[in-house]
Amino acid sequence: MEQLTAADQLKLRGLRRMKLVATGFFLAATAVFLVALLFEDDGPTWVGYVRAAAEAGMVGALADWFAVTALFRRPLGLPIPHTAIIPTRKDTFGDALGSFVGQNFLSEAVVRDKLRRVHVSRRLGEWLVKPENAERVTSEVANVVRGAVTVLRDEDVQAIVEQAVVRRLVDRPWGPPLGELLGQVLSDGAHHKLVDLMCDRAYDWVRDNYEKVMGVVSDRAPSWSPKFVDSMLGDKVYTELLNFAWAVKTDVNHPMRLAVDQFLIEFADDLRTDPATMQRAEQVKNQVVEHPDVQRLIGSAWGTAKKMLLDAAEDPSSELRRRVREGLLSFGGRLVSDEAMRAKVDGWLEGAAAYVVTHYRDEITTLITDTVERWDAEETSRKIELQVGRDLQFIRINGTVVGALAGLVIYTVGQLVT
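Residues numbered from 1 in each chain as written. Predicted model: local features only at pLDDT ≥ 70, side-chain atom pairs only at ≥ 80, totals over all residues. Heavy atoms only, no water.

Peer 1: Break down the UniProt feature "transmembrane region" (unreviewed entry) in the protein chain for me, with residues and values.
Peer 2: Within this numbering scheme, the UniProt entry marks residues 20-39 as carrying the feature "transmembrane region" (unreviewed entry). For residues 20-39, the end-to-end C-alpha separation is 28 Å, with 100% helix and 0% strand making up the annotated structure. (UniProt positions renumbered as here; feature names shortened; annotations may be inferred. Helix = DSSP H or I, 4+ residues; strand = E, 2+ residues; numbered from the N terminus.)

As structure tokens, this is what we get:
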């Protein structure tokens with residue numbers, strides 16, 4: 001027998017007291033019956049009435065004692081049919097209880113109605129808008145993240161990163177997506193700032209590298225060409241080059257700029273449609289992915305991400321925890337003030353709960369039936385008697401009292417008839 005808790009010990013003492021009280025009623029009725037039986041022949045008339053009431057009270061007390069006892073054990077240990085009902089029919093009661101719970105508590109209509117009346121979303125919002133509660137949830141989320149990251153094996157996660165993410169990304173052709181992206185950038189005109197920057201840098205380079213331009217012209221000039229001619233020619237080339245760079249820089253409609261735009265448009269289209277260009281893009285992709293530095297970066301991706309997650313989860317002032325906390329506060333505020341949001345969340349909760357009880361009701365009720373089946377029959381009977389036995393003793397008391405009154409009435413009617 002398992003150790004009783006303090007609450008069960010208190011109930012056990014109460015049960016024993018009520019058993020003594022009920023037994024005392026029976027003994028009192030027995031004593032009155034015996035005394036009345038001794039004095040009935042020579043005593044006054046009313047003694048007969050007392051004897052009849054006491055006799056009926058004894059019968060009622062015995063009958064109800066038998067009924068209450070038969071629920072939990074065999075009265076006096078005798079193999080009387082239909083006794084020890086709870087120990088012998090424990091599994092049947094478990095099945096009936098599971099079926100009752102499933103039909104009356106785990107029905108979709110009941111669950112939806114209960115959730116609708118509870119107003120879960122409003123209560124959740126009122127709870128989350130309190131900063132201390134939002135911080136508490138954030139801490140729990142951080143604990144979950146730490147636990148999950150710590151439990152995961154690094155080699156398994158790294159394999160998933162490489163196979164499920166990197167490999168899938170590499171296996172897909174890059175040409176058409178890059179062409180689509182570049183085409184969208186060109187149509188939006190977002191590339192103009194980059195072209196402006198390139199033109200600015202080109203002009204700045206020409207302006208600041210006079211000697212290099214002159215050196216290139218001198219190196220390309222024939223050996224028989226006079227130096228002053230080379231100098232004049234170089235100066236002319238530099239001036240024209242500088243003017244050209246300035247024109248490209250300042251004129252947004254310069255033919256050079258338009259040529260660059262046209263080239264990029266054609267290149268974007270080739271990435272989507274031209275097999276040769278797409279093949280070159282694949283070659284460049286493979287060269288990039290197979291580069292040792294890129295491979296090292298992929299290999300250390302999970303380790304870096306893991307360290308970042310652990311550091312962010314440990315630090316209460318980290319950006320991750322701050323954003324989670326602010327998100328919870330914002331979500332709680334919306335649940336309090338936005339009726340449409342509450343209706344949506346309540347709908348999600350009702351739908352999820354309805355799905356669970358509709359598809360897994362049998363599994364849930366099986367928990368009840370399997371648990372009851374695992375219980376020891378005698379222990380089950382003892383536990384149930386401990387919970388309800390004290391109240392059942394009132395049946396014995398009432399049986400004694402009601403039996404006595406019924407016996408008195410019957411005896412009185414018999415005396416009046418005769």
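Peer 1: Describe the layout of surface pockets, listing the residues and the values that go with them.
Peer 2: By volume, the largest pocket is sized at about 240 Å³. Lining of the largest pocket is provided by 13 residues; of these, Met198, Cys199, Ala202, Val248 and Met256 occupy positions nearest its centre. Elements with a contribution of two residues or more to the lining of the largest pocket: α10 (192-208), α12 (227-250) and α13 (255-273). A per-element tally of the lining of the largest pocket places α10 first, with six residues. Partitioning the lining of the largest pocket into residue classes produces 12 nonpolar, no polar and one charged. (1 Å grid on protein atoms, 1.4 Å probe; cavity = no way out; pocket = protein on both sides within 12 Å on 5 of 7 lines; lining within 4 Å. Points joined across faces, edges and corners; volume = space filled by probe spheres on them. Nonpolar A, V, L, I, M, F, W, Y, C, P; charged D, E, K, R; others polar.)

Peer 1: Which residues make up a nonpolar patch on the surface, and what are the values?
Peer 2: A surface patch of nonpolar side chains, amounting to about 410 Å² of accessible area, comprises Val21, Phe25, Val401, Val402 and Leu405. Elements that contribute at least two residues to the nonpolar patch include exactly α1 (6-39) and α19 (377-417). Looking at which element gives the most residues to the nonpolar patch, the answer is α19, with three residues. Examined against the element boundaries, Val21 turns out to sit in helix α1. (Patch = residues over 30% accessible without salt bridge, like charges linked within 9 Å, V, L, I, M, F, W, Y side chains within 5 Å. Areas by Shrake-Rupley, 256 points an atom, 1.4 Å probe, with all protein chains shown as cover. Salt bridge = Lys/Arg side-chain N within 4 Å of Asp/Glu carboxyl O.)

Peer 1: Summarise the pattern of salt bridges; cite the residues concerned and give the values.
Peer 2: Pairing between side chains of opposite charge can happen when the charged atoms of each approach one another. Applying the stated criterion across every chain yields a total of 20 salt bridges. For the salt bridge of Lys307 with Asp311, the shortest nitrogen-to-oxygen distance reads 2.9 Å. Note that Lys307 and Asp311 are positioned in helix α16 (residues 301-314) at a spacing of four residues, about one turn of the helix. Look at Lys307 and you get exposed, because its relative accessible area is 53%. Residues Glu319 and Arg323 are paired through a salt bridge, measuring 2.7 Å at the closest nitrogen-oxygen approach. One end of the pair, Glu319, and the other, Arg323, are both in helix α17 (residues 319-337), four residues apart, so they sit about a helical turn from each other. Take Glu319: its relative accessible area is 39%, and that puts it in the partly exposed class. On the accessibility criterion, Arg323 (55% relative accessible area) is exposed. Within the structure, one salt-bridge network assembled from shared partners comprises Glu108, Arg112, Arg116 and Glu350. (Buried < 20%, exposed > 50% of the residue type's maximum accessible area, 1.4 Å probe, protein only.)

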